[in-house]
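Structural description and commentary
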Amino acid sequence: MLEIEKLEKEWRKYKIKQLKPYVFISILLALSAIFLTLYSKDATKLVQQIAFNDEGAKKEVAVDEKEMSKESTEATESETKSYSSQTPSSNTSEEKTAKIAEDKTEIDLDSRDSKKEEKEVDSLALKADTGFLETFAPQSTPVSSKASNSPKKAIQPVQRPTTDTSNRFAQEMKDETKTENTVDSERAVKEHNSLVLTTTKTNNTLEYLIKRFNEKRDPKLASYISRSYYKKGKYKEALKWSIEANSLDPSNEESWILFAKANVKLGNREDAIQALKVYLNQYSSRNVKSLLNSLESK
Amino acid sequence: MSKYKDLQSIFIDRIEVSQYIGLDTSILFYNKLLESIQKPLKMILLYGKPGTGKSVLINKIYHDAKDRRNVFLISTPIQNETEFIKKLYTFLLPESTMPEDLSYNQFIDICNALRDKKHITVLLDEAQLYSSSLMEKIRLISDTRAIKFVVSLHKTEKEDLIAKEHFQSRIWETIELKNGTIHDTAMYVQKKLIIQNYFEIANMFHKGNIKLIHKFTKGNYREINKLLFTLFEIYDYYETNKPSKISGTKIKNRYIEMSALKLGYINA
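Throughout what follows, the structure given in this document is the object of discussion. (Residues numbered from 1 in each chain as written. Chains lettered and ligands numbered in written order. Predicted model: local features only at pLDDT ≥ 70, side-chain atom pairs only at ≥ 80, totals over all residues. Heavy atoms only, no water.)

Regarding the overall build of chain A
Secondary structure summary: chain A contains 13 helices and zero strands in total. Counting from the amino terminus, helix and strand elements in chain A follow one another as α-α-α-α-α-α-α-α-α-α-α-α-α. Here chain A holds 298 residues, and the buried ones make up 37% of them. Partitioning the intrachain contacts of chain A with sequence separation of at least 6 by distance along the chain shows that 66% fall at a separation of at least 24. Carbon together with sulfur atoms contributes 55% to the accessible area of chain A, which is approximately 18100 Å² in total. (Helix = DSSP H or I, 4+ residues; strand = E, 2+ residues; numbered from the N terminus. Buried < 20%, exposed > 50% of the residue type's maximum accessible area, 1.4 Å probe, protein only. Contact = heavy atoms within 4.5 Å. Areas by Shrake-Rupley, 256 points an atom, 1.4 Å probe, with all protein chains shown as cover.)

Let's talk about the interface of chain A and chain B
Contacts between the two partners involve twelve residues from chain A and, on the opposite side, 16 residues from chain B. Summed over both sides, the interface of chain A with chain B buries roughly 1400 Å², with 66% coming from carbon and sulfur. For the chain A face of the interface with chain B, the top three residues by lost area are A:L2, A:W11 and A:Y14, together amounting to 42%. The tally of links between chain A and chain B comes to three salt bridges. At the junction of chain A and chain B, the tally comes to six residue pairs in polar contact (both at pLDDT 80 or more). Among the residues making up the side of chain A that touches chain B, the classes are represented as six nonpolar, one polar and five charged. (Buried area = accessible area lost by both parts, 1.4 Å probe. Salt bridge = Lys/Arg side-chain N within 4 Å of Asp/Glu carboxyl O. Polar contact = N/O pair within 3.5 Å; in protein donor to acceptor, adjacent residues only side chain to side chain. Nonpolar A, V, L, I, M, F, W, Y, C, P; charged D, E, K, R; others polar.)

Brief notes about the pattern of salt bridges
All names here are of chain B. Going through the model one piece at a time under the given rule, you end up with twelve salt bridges over all chains. With a shortest N-O distance of 2.8 Å, K5 and D236 are connected by a salt bridge. Taken together, the residues K5 in helix α1 (residues 3-10) and D236 in helix α11 (residues 221-241) connect sequence positions 231 residues apart. For D236, a relative accessible area of 8% translates into the label buried. As a salt-bridge pair, E136 and R139 come within 1.8 Å of each other at their nearest N and O atoms. One end of the pair, E136, and the other, R139, are both in helix α6 (residues 132-143), three residues apart, so they sit about a helical turn from each other.

Details of the pairing of strand β2 (residues 71-74) of chain B
Residue and element names in this part refer to chain B. What you see with β2 is no split at all: V71 and L73 on one side and F72 and I74 on the other are buried throughout. Pairing between β2 and strand β3 (residues 120-124): four bridges, direction parallel. When the bridges of β3 are listed, V71 appears paired with T121. (Pairing = 2+ DSSP bridges.)

Quick notes on the packing of helix α10 (residues 235-248) of chain A against helix α11 (residues 253-265) of chain A
All names here are of chain A. Relative orientation of the contacting elements α10 and α11 amounts to 155°, with a least axis distance of 8 Å. The angle between α10 and α11 places the two elements in the roughly antiparallel class. The crossing of α10 and α11 is left-handed. Counted together, Y235, A238, L239, S242, I243, A245 and N246 of α10 and S255, W256, L258, F259, A262, N263 and K265 of α11 form the full contact between these two elements. Class assignment for the residues of the contact of α10 with α11 results in nine nonpolar, four polar and one charged. (Axes fitted to C-alpha atoms, helices over the stretch in contact; angles between N-to-C directions. Parallel < 35°, antiparallel > 145°, perpendicular 65-115°, else oblique. Left-handed = near helix turned anticlockwise from the far one by under 90°.)

Considerations on helix α8 (residues 182-195) of chain B
Residue and element names in this part refer to chain B. End to end, α8 covers 20 Å across 14 residues, agreeing with the expected 20 Å (1.5 Å per residue, within 8%). Taken together, the buried positions of α8 are D184, T185, A186, Y188, V189, K192 and L193. Buried-residue contacts for α8 involve α1, α2 (24-38), α9 (199-204), α10 (207-217) and α11. Positive phi appears at N197, one or two residues downstream of α8, with a value of about 65°. (Expected span 1.5 Å × (residues − 1).)

Details of helix α12 (residues 253-263) of chain B
For α12(B), the set of buried residues is B:Y255, B:I256, B:E257, B:M258, B:S259, B:A260 and B:L261. Once α12(B) finishes, B:G264 follows within two positions and takes phi at roughly 80°, a positive value.

So, a nonpolar patch on the surface
Residues A:L19, A:Y22, A:V23, A:I27, A:L31, A:I34 and A:L38 make up a contiguous nonpolar surface patch of roughly 700 Å² in combined accessible area. Along the chain, A:I34 turns up in helix α1 (residues 4-85). (Patch = residues over 30% accessible without salt bridge, like charges linked within 9 Å, V, L, I, M, F, W, Y side chains within 5 Å.)

Remarks on the environment of B:Y198
Residue and element names in this part refer to chain B. Position of Y198 among the secondary structure elements: in the loop between α8 and α9. Along the backbone, Y198 and L7 are 191 residues apart, and their C-alpha atoms lie at a distance of 8.3 Å. Those residues within four positions of Y198 in sequence are excluded, and the remaining contacts are K3, D6, L7, I10 and L193.

Structural notes on the nonpolar core
Counting 42 residues, the largest nonpolar core has B:L193, B:I201, B:F205, B:L228 and B:F232 as the members making the most contacts within it. Of all the secondary structure elements, the ones that give two or more residues to this core are α1 of chain A together with α1, α8, α9, α10, α11 and α12 of chain B. The leading source of residues in this core is α11(B), at ten residues. Not counting chain neighbours up to four residues away, the residues in contact with B:F205 comprise B:V189, B:Q190, B:L193, B:I210, B:I213, B:L228, B:L231, B:F232 and B:I251. Grouped together as the second largest cluster of nonpolar side chains are 34 residues, B:I108, B:C111, B:I120 and B:I138 included. (Core = buried A, V, L, I, M, F, W, Y, C linked by side-chain atoms within 4.5 Å.)

Brief notes about the environment of B:K245
Relative to the assigned elements, B:K245 resides in the loop between α11 and α12. Once the C-alpha coordinates of B:K245 and B:Y235 are considered, the two residues, ten residues apart in sequence, prove to be 9.1 Å apart. B:K245 has contacts with A:E8, B:Y238, B:K252, B:R254 and B:Y255, leaving out every residue within four places of it along the chain.

Points about the side chain of B:S152
Residues and elements named next belong to chain B. The topology assignment puts S152 in strand β4 (residues 147-154). Side chain to side chain, S152 and D125 meet in a polar contact 3.3 Å long. When near neighbours in sequence (up to four residues on either side) are disregarded, S152 contacts L46, K54, I58, L124, D125, E126, A127 and Q128.

Re the packing of α10(B) against α11(B)
Residue and element names in this part refer to chain B. Interaxial distance between α10 and α11 falls to 9 Å at its minimum, and their mutual angle equals 120°. The orientation of α10 with respect to α11, classified from their angle, is oblique. Between α10 and α11 lies a crossing of right-handed hand. Residues I213, F216 and T217 of α10 touch α11, and the partners they reach there are E223, I224, L227 and L228. Counted by class, the contact of α10 with α11 contains five nonpolar, one polar and one charged residues.

Bear in mind that shape data such as this cannot, by itself, settle questions of function.
What follows is the structure, given as structure tokens:
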């Protein structure tokens, strides 16, 4: 005799067992689909954000351009005045340009700081920013020369300081005194223009870097902070941070160079030379040698 | 008798000539075997797994050939040697002429004497049940050429070996029966129903049903019989108790699966 009810129960169990793998696979597929859609949404959001940042940056640049064009015209006017008159007042204009140059170095440093910060916080955002800057780079050089002539074309110099920062840094590292004392007035105007573009992110950069250093104790970061202070003209701080970097990694040549440079700035030339010699006793470095030679020759 | 009870009876496993279904493969084997019987061979080995249709085929051959040729069938193995010899004697000569104490050697002599005068074919079903010594004697009888044996064996590794050892030098023809293909399964079910005039039931089986039946039974005709018997048992139950459940024009896979569960082909 058939026990149909028992058979029906068994059949239900069998069906559930049979469907299990399919249900499992479909759930997996559904989950992966959800994950993919969410991920793609995030990606698109990120892309949009980057695009938005780009636009924001462009707008900022556009605003800066306007301001810059005004300022550049003013600057060129003052420049021509100062050059044409050649009166004792030229000293004051020199002071101004020197100030501008100092500003420039600060700006460069700031822009670099802000770049670094962005890199550490969000690499994607940084990439987008750099990309944006790079797209402007090729146009910057030819237009910048005409900046003083036409206010419309004076737009371009704004990008130059940010794109040229690394090169300028290298230059400044090689010849410190030159960049401080001999400043081309036209260039100073350009650097002054770049102030508007970059000042927004500078205030917290060093604080952030110091905070990061306290967390990570990275000697490279310490020497970076030292360099930043050096660029800002805060030589005591630069000296302190170079010592910090050196204590973590004595072989790091930059910390020695910064120590020496900061000491020179603080008037301790002998200490600087002594330090460089100590370093060269243990390590061989072309940069340290050249710096030592330049210090000894003066 | 309800329709489904009658249908159950169609699929009761029994060896009858009427149960023989002329499937493509079985027709091929049938012709091959018939052809072999006509040849002057000593022994023909017919083997295959249980339920592949060996017994039905042998019965069919016996049924069709017994009038034209001297074909005899021993469907149930006779374990006793004397009884077996006596049985063979009755196939060759009238029972009245049989000596009372017929010995194996005497029978061999009689066979040798009849070598060119009489030839008969004896079909031995379930030959794996014969003892080794009796098989050896069967082999020696076949050497007289008075009797040709068609030996039907279950194919297992051990039995296959026995078959080879005993008959290798004498077997001229070997026929292996295999499980049916999905097409054979379909034809088997359809033909079985149509032969009994159940055309509407035959039409209720669709491709999916056949696939499922083939999957559970692997094309073994005995298993197909068992599965369909149980299926119609289930249908019979529903017809009596819950007729709404079996309404429709197609056999539900659910009931085939329930049958398979009952027969233990699958587990819950």
